[in-house]
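Structural features, examined
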Amino acid sequence: MTENNPAAFSETADPDWDMPLSLRITPALLVHALMANASGVHTGWESCVEESMVLSELVVMDDTGSAAVRLVEQEFADEEEPDAVWHDWAVEVRIGRVITTGHFSVRNNAAPLDWNWHLREAERTFERACVLLGRRVHRGLAVEEPLPQELPPRASRH
């Protein structure tokens, strides 16, 4: 049996789990399948993220280092309206040298519902893009305790 000759494979044997598979993926297909809800999308040879504005990031790479997915949270001022500040979750998919980026952006003064929607969409996009690299994403849980309205009564001895 040879990899280049499909007829040589036995029809009764299952394919090898580690057998390489290939797909034809274009930036347009990535945008269509992953980033349809993004505020904006683009491709490039370099990242558009300004590292000095990054608040947090999460990077996942394939075993060879030739492909990566990155979720970046950043804030920046609007060039046309300097008083307007935007919060952006960018999902970058790098395959080879090509970077396809989807931005999920909201103004800082937007309603919490808008913030939650953009964050959730960026996280879903990141989660789905990681599948391309054979990685699964598990969400973490955080518990927020309510702040006490009043100080608790002091215990004292009499």
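Above this text sits the structure in question.
Residues numbered from 1 in each chain as written. Predicted model: local features only at pLDDT ≥ 70, side-chain atom pairs only at ≥ 80, totals over all residues. Heavy atoms only, no water.

**As for the overall build of the protein**
So the rule is basically this: Under the DSSP-based scheme used, a helix requires at least four consecutive residues in state H or I and a strand at least two consecutive residues in state E, with every element numbered from the N terminus. Exposure categories follow from relative accessible area, calculated using a 1.4 Å probe and restricted to protein chains: below 20% of the type maximum is buried, above 50% is exposed, and the middle band is partly exposed. Whether two residues are in contact is decided by their heavy atoms, any of which lying within 4.5 Å being enough. Here, Shrake-Rupley sampling with a 1.4 Å probe gives the accessible areas, and only protein chains in the shown set may cover a residue.
Along the protein, the regular secondary structure elements total two helices and five strands. Looking at the protein as a whole, 25% of its 158 residues are labelled buried. Considering only contacts within the protein whose residues lie at least 6 apart along the sequence, 47% involve residues at least 24 apart. When the accessible surface of the protein is totalled, it reaches about 12400 Å², and 54% of it is carbon and sulfur.

**Remarks on the pairing of strand S3 (residues 67–77)**
How we decide: Strand pairing is assigned whenever DSSP identifies at least 2 bridges connecting the two strands.
Pairing of strand S2 (residues 54–61) with S3, which is carried by seven bridges, proceeds in the antiparallel orientation. What sits directly across from Leu-58, in S3, is Leu-71. In this antiparallel pair of consecutive strands, S2 and S3, the connection spans five residues, and Gly-65 shows a positive phi of 80 degrees. Two strands pair when backbone bridges link them, and S3 and strand S4 (residues 85–95) are joined in this way by eleven bridges, in the antiparallel orientation. Paired with Glu-73 across the bridge in S4 is Trp-89.

**Concerning the nonpolar core**
The nonpolar side chains of a soluble globular protein tend to be buried, and buried together. Threshold: Side-chain atoms within 4.5 Å link the members of a nonpolar core, which is a set of buried Ala, Val, Leu, Ile, Met, Phe, Trp, Tyr and Cys residues.
In this structure, Val-69, Val-91 and Phe-126 are the most contacted members of the largest nonpolar core, which totals 18 residues. Taken together, the elements giving at least two residues each to this core come down to helix H1 (27–34), S3, S4, strand S5 (98–107) and helix H2 (112–131). Among the elements that take part in this core, H2 stands out by supplying four residues, more than any other. For Phe-126, the residues in contact, after removing those within four places along its chain, are Leu-58, Val-60, Val-69, Arg-70, Leu-71, Val-91 and Val-137.

**Side note on a nonpolar patch on the surface**
The following threshold applies: Note that patches include only residues with greater than 30% relative accessible area and no salt bridge, and the join distances are 9 Å for like charges and 5 Å for nonpolar side chains (Val, Leu, Ile, Met, Phe, Trp, Tyr). The term salt bridge refers to a side-chain nitrogen of Lys or Arg lying within 4 Å of a carboxyl oxygen of Asp or Glu.
Together, Leu-23, Ile-25, Leu-29, Ile-95 and Leu-132 make up a nonpolar patch on the protein surface, roughly 470 Å² of accessible area in all. Locating Leu-23 in the fold gives a position in the segment before H1.

All we've got here are geometric facts, nothing functional implied.
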